[in-house]
Amino acid sequence: MEMMPLATWLAGYIRDVPDHPYPGVLFKDYASLLADPRAFTALVDALADVCRRREATMVVGLEARGFLLGAPVAVRSGLGLAVIRKSGKLPGKTFRRIYELEYGTDEFELQCDALGPKDRVVVVDDVLATGGTALAAASLVAEAGADVVGVAFMLELVALSGRRRLARDLDGVPVDAVINA
């Protein structure tokens, strides 16, 4: 790792799985990255650095794979963690948002009391594809009264133009990805 850029080193842990979960989809499997403590720590450190640069006060992790990164990033950054879950999984009053996936739609929820008006939030997820999940999450954070100061991903699928969509729809909120593919 010391001889190559972090993104290049981490990208070596990601394997392409064609036609998963549907024909025509090229799934990026990063299980081996999570299994390697040095690689996983380096990834978490890079995402925690985003939180520090953005002067975040909270991390928001998105169900389900965003939890794998959001929780350790929050701990490493010394910040709290709020979670956005699929519909029907959170108790109490929630804000809800329907969003589009690359191959369908889904619905997210955030507990109404999870964030407040003084919170500066970095939304953390594993993959930036079309940007739909990040936009839904940012909308929920705003509805809760908090400010989105950044969105951060382990991996950006550049060909799907999610960054362009986020730049347009999030009014200049910084978008960070550790690895580009």
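Located above this text is the structure these notes cover.
Residues numbered from 1 in each chain as written. Predicted model: local features only at pLDDT ≥ 70, side-chain atom pairs only at ≥ 80, totals over all residues. Heavy atoms only, no water.

J.: Which residues make up the pairing of strand 8 (residues 147–156), and what values do they have?
T.: By the criterion of burial, strand 8 is predominantly enclosed, with nine of the 10 residues buried. What joins strand 7 (residues 120–128) to strand 8 is helix 5 (residues 132–143), and the crossover it makes is right-handed. One crossover worth recording links strand 8 to the parallel strand 9 (residues 175–180) by way of helix 6 (residues 162–169), and it is right-handed. (Buried < 20%, exposed > 50% of the residue type's maximum accessible area, 1.4 Å probe, protein only. Helix = DSSP H or I, 4+ residues; strand = E, 2+ residues; numbered from the N terminus. Right-handed = clockwise from strand over helix to strand, strands pointing away.)

J.: Tell me what's going on with the packing of aromatic side chains, and back it up with residues and numbers.
T.: Across all of its chains, the model carries two aromatic pairs by this definition. Judged by centre distance (5.7 Å) and plane angle (90°), the ring pair of Trp 9 and Tyr 13 falls under edge-to-face. This pair shows no difference in class: Trp 9 is buried, exactly as Tyr 13 is. (Phe/Tyr/Trp six-rings, centres within 6.5 Å; stacked < 30°, edge-to-face > 60°.)

J.: How would you summarise the pattern of salt bridges if you had to cite specific residues and measurements?
T.: Scanning all chains against the criterion turns up 14 salt bridges. Among the salt bridges present, the one from Glu 156 reaches Arg 163, with a minimum N-O distance of 2.8 Å. Judged by its relative accessible area of 6%, Glu 156 falls in the buried class. Given a relative accessible area of 32%, Arg 163 falls into the partly exposed group. Shared partners join several salt bridges into a network, and the residues in it are Asp 49, Arg 53, Arg 54 and Asp 176. (Salt bridge = Lys/Arg side-chain N within 4 Å of Asp/Glu carboxyl O.)

J.: Give a detailed account of the packing of helix 5 against helix 6, specifying residues and quantitative values.
T.: For the pair helix 5 and helix 6, interaxial distance at closest approach is 9 Å and the crossing angle is 25°. As summarised for this structure, helix 5 and helix 6 are arranged roughly parallel, according to the angle between their axes. Pair helix 5 / helix 6 crosses with right-handed handedness. Here Gly 132, Ala 134 and Leu 135 of helix 5 lie close against helix 6, whose contacting residues are Arg 165, Leu 166 and Asp 169. Taken together, the residues that form the contact of helix 5 with helix 6 break down as three nonpolar, one polar and two charged. (Axes fitted to C-alpha atoms, helices over the stretch in contact; angles between N-to-C directions. Parallel < 35°, antiparallel > 145°, perpendicular 65-115°, else oblique. Left-handed = near helix turned anticlockwise from the far one by under 90°. Contact = heavy atoms within 4.5 Å. Nonpolar A, V, L, I, M, F, W, Y, C, P; charged D, E, K, R; others polar.)

J.: Lay out helix 3 (residues 37–53) in plain terms, naming residues and giving numbers.
T.: Over its 17 residues, helix 3 extends 24 Å from the first C-alpha to the last, a length consistent with the 24 Å expected when each residue adds 1.5 Å. Among the residues of helix 3, those classed as buried are Ala 39, Ala 42, Leu 43, Val 44, Ala 46, Leu 47, Ala 48, Val 50 and Cys 51. At the N-terminal end of helix 3, a side-chain oxygen is found 2.9 Å from the backbone nitrogen of Arg 38, two or three residues along, and the residue is Asp 36. Just beyond helix 3, the residue with positive phi is Glu 55, at close to 55°. (Expected span 1.5 Å × (residues − 1). Polar contact = N/O pair within 3.5 Å; in protein donor to acceptor, adjacent residues only side chain to side chain.)

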